[in-house]
Each structure stands twice: as C-alpha cells, then as structure tokens.
Amino acid sequence: MEVIKPFVKWAGGKGSLISQLTNFYPFELENGTIKKYVEPFVGGGAVLIDILQKYDVEEAYAFDINKDLINCYNVIKKDVETLIEKLNEKEKEFLNIELENRQEYFYKIRSEYNSYKIEDNLDVKRASEFIFLNRTCFNGLYRENKKGGFNVPFGKKEKLNCYDRENIMAVSEVLKNAIILNGDFEQIIKYVDKNTFIYMDPPYRPLNATSSFNDYSKEPFNDETQRRLAKFYDELNKKGAKIMESNSDPKNTNEEDEFFDELYKDYRIDRIYAARNINSKGSGRGKVSEILIMNY
C-alpha cells in the first residue's frame, strides 16, 4: 500500500505514531461494525488519512478550529489541480532566488498571508500560501499570535521541496468522501452515534512552562478547556461511540500529577512513547510517554 503522508507538518502530528495507535483502534473498526469516523482536532490528519486508507467507513467527518487549515483540506479535496499550479509557481520563484535572498521572499509571502482574513468560500491562493509557509518556515511549525497572524520565522533550508505533488494528489483522492469542517470540538456531537469511532488529539497540556506549545490558533487551550473536553468525552460516551484520546503524560515531569487520572478516572488510560519533534534545541528532543484514553 502506498504510504500517504500529511500535507503539512503539525505540532503534535501523529505520523510517527500510527503503527502504535493502530494497535489501539477498536476491533469494531476492523470487522466493519463501525461505519462512521469522526475527528474533532484533525491537525495534520495522519490518523484521518490512515483510517480512510485502511477501513471501509461509510462516513467521515473531520473538524478543526483553524479556519485556514480547513480551507487547505477542502482545496485539496475539491480543486487540487489549481492548488498544485499555484504551489509550482511559488516553488519555481523561490528556488530561482539566490540562497541569501530567499528569506526576503518568505517574508513577502508571510506578509501577504497576514494582510487579509479568509472568507467562507474556497480560497486556493491562501491554501498555497499556507502550505508554502509551512514548508519553508522554521521547523515546519504552524503558530499564530494573539491577533491570529502567522508568526513563525524563515527556516533557512538549503534543500527544499515546497510541496509533494504525488502525495497531495493521493491525499485528495483519500479525502473525496470525507466532510471537512471548521469549528469547535463540541460541534461533532450531531454526527455521533453508537456506530462511530472518535479520535481526539487536542492541543496537549504542557509538561512544564518552557515546553508549552498550543498556539495552533489564537484561541487558548488551557486547563479549563481540558476540563470542558473531559465533560464532552462523557457526553460522547453516553452516545455509545468508541472514543480514543491522545494527550501529554504529566508523569513525565511530575509523578504526583494526577490531572488526567482524575479527569478520566472512569476510563482506560494506556501509555505509548513518542519522539518530541517540536523543539528549537536538538537536546530537547527525545522519547517521552503520552497517554491514550479509551472507553473500550
């Protein structure tokens, strides 16, 4: 089977963990009892892509609060050829510039991107800017300031592919029957029934003050929001859906931290190990445990 990868790099992306996560999917997904897949924090989409590739679900719904990210998904789904044309133009322009001058081009695109807000209609130009900035910025990171502006600096890479045509085409094919929507996680409730598998990958609770990163959008995702999510998990559980949630493991830094153990005391909590891949210092990257919260 062709390996289809996320089209953007996303903090907390699950591409490297798919082989582990697959072991925890509900068996009803494999035997075909589950007909619907719902994901409220789609991010880079590694799990969405994996499930749409491997399993015969009849309905798939993916949400994210980041409107520009959702625009990208829908452009890839509905107008991928035009998107590739625009990405090809940007890549040619960028690679034809001397190395020392590419930074100026990057900031020109970033300034243009931040000069306007996306409307509700499909915006191919903005999707091409989004992907270009993701591929050329520092560490492939997406981050917004309090005003909602993209604020990651230039990445200064010598070798660069601004996009992967074959992979984007493959993502487009996989998404053809999925519904991709912009919205808060609670909006998924109307799509959930007892034959649904839900995977939730919210912005992680920081392990400490210096490791904090959840600026995927201008809206904060703090402990209060984590508690709101836990209450919503209970609501979804009452509907009979199968639910799996990923989050950080506080016990990496404090064995006494029972934050998630208390919030999800009625559910199963397992641990898997992940490489920390969003860190400005190489020494700050390494294996840490993450928790998986399941109601099955």
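Our structure's up above, just so we're on the same page.
Residues numbered from 1 in each chain as written. Predicted model: local features only at pLDDT ≥ 70, side-chain atom pairs only at ≥ 80, totals over all residues. Heavy atoms only, no water.

Peer 1: For this particular structure, what's the right way to read helix α9 (residues 223-238)?
Peer 2: In an α-helix, one turn spans 3.6 residues, which is why side chains three or four residues apart end up on the same side. The terminal C-alpha atoms of α9, which comprises 16 residues, lie 23 Å apart, in line with the 22 Å expected from a rise of 1.5 Å per residue. Burial in α9 covers these residues: T225, Q226, L229, A230, F232, Y233 and L236. Down the axis of α9, the sector holding all buried residues measures 165°, keeping them to one side. The outward face of α9, more than 90 degrees from its buried face, is lined by the exposed residues E224, K231 and K238. In the core, the buried residues of α9 are packed alongside β4 (196-200), β5 (242-248), α10 (259-263) and β7 (287-294). Its side-chain oxygen placed 3.2 Å from the backbone nitrogen of E224, N222 serves as the N-cap of α9. (Helix = DSSP H or I, 4+ residues; strand = E, 2+ residues; numbered from the N terminus. Expected span 1.5 Å × (residues − 1). Buried < 20%, exposed > 50% of the residue type's maximum accessible area, 1.4 Å probe, protein only. Arc of directions from axis to C-beta. Contact = heavy atoms within 4.5 Å. Polar contact = N/O pair within 3.5 Å; in protein donor to acceptor, adjacent residues only side chain to side chain.)

Peer 1: What is the right way to look at the pattern of salt bridges in this model?
Peer 2: Side-chain pairing between opposite charges can occur once the charged atoms of the two side chains come close. For the coordinates displayed, the defined rule picks out 17 salt bridges. With a closest N to O distance of 3.2 Å, R228 and D184 form a salt bridge. With R228 in helix α9 and D184 in the loop between β3 (178-182) and β4, this pair connects stretches of sequence that are 44 residues apart. Overall, R228 belongs to the partly exposed group, its relative accessible area being 31%. Across the pair D257 and R205 runs a salt bridge, and its minimum N-O distance is 3.1 Å. Placement of D257 in the loop between β5 and α10 and of R205 in the loop between β4 and α9 is noted, with a sequence separation of 52 residues between them. (Salt bridge = Lys/Arg side-chain N within 4 Å of Asp/Glu carboxyl O.)

Peer 1: Quick question: what am I supposed to make of the nonpolar core here?
Peer 2: What tends to happen in soluble globular proteins is that the nonpolar side chains get buried as a cluster. Among the nonpolar cores identified, the biggest contains 68 residues, and F7 and Y25 are the most heavily contacted of them. Counting residues in hydrophobic clusters, the runner-up holds 24 residues, among them Y191, I198, F259 and F260. (Core = buried A, V, L, I, M, F, W, Y, C linked by side-chain atoms within 4.5 Å.)

Peer 1: Which parts of the structure should I look at to understand the packing of helix α5 (residues 80-95) against helix α8 (residues 165-174)?
Peer 2: Packed helix pairs are specified by the crossing angle of their axes together with the interaxial distance, meaning the distance between the axes. Running from amino to carboxyl end, α5 crosses α8 at an angle of 160°, the nearest separation of the two axes being 10 Å. Between α5 and α8, the interaxial angle falls into the category roughly antiparallel. Between α5 and α8 lies a crossing whose hand is right-handed. For the pair α5 and α8, contact is made by V80, E81, L83, I84 and L87 and by R165, I168, M169 and S172, respectively. Among the residues forming the contact of α5 with α8, the class breakdown is six nonpolar, one polar and two charged. (Axes fitted to C-alpha atoms, helices over the stretch in contact; angles between N-to-C directions. Parallel < 35°, antiparallel > 145°, perpendicular 65-115°, else oblique. Left-handed = near helix turned anticlockwise from the far one by under 90°. Nonpolar A, V, L, I, M, F, W, Y, C, P; charged D, E, K, R; others polar.)

Peer 1: Which parts of the structure should I look at to understand the packing of aromatic side chains?
Peer 2: Aromatic ring pairs are described here by two measures, namely the spacing of the ring centres and the angle between the planes. If you walk through the whole model with that rule in mind, you get 26 aromatic pairs. Seen from their ring centres, W10 and F130 are 6.4 Å apart, and the 20° between their planes marks the pair as stacked. Taken together, the residues W10 in the segment before α1 (18-22) and F130 in helix α7 (residues 124-136) connect sequence positions 120 residues apart. Exposure class is identical for W10 and F130. Each is buried. Considering the side-chain rings of F94 and F154, the 6.3 Å spacing of their centres and the 70° angle between planes classify their relative orientation as edge-to-face. (Phe/Tyr/Trp six-rings, centres within 6.5 Å; stacked < 30°, edge-to-face > 60°.)

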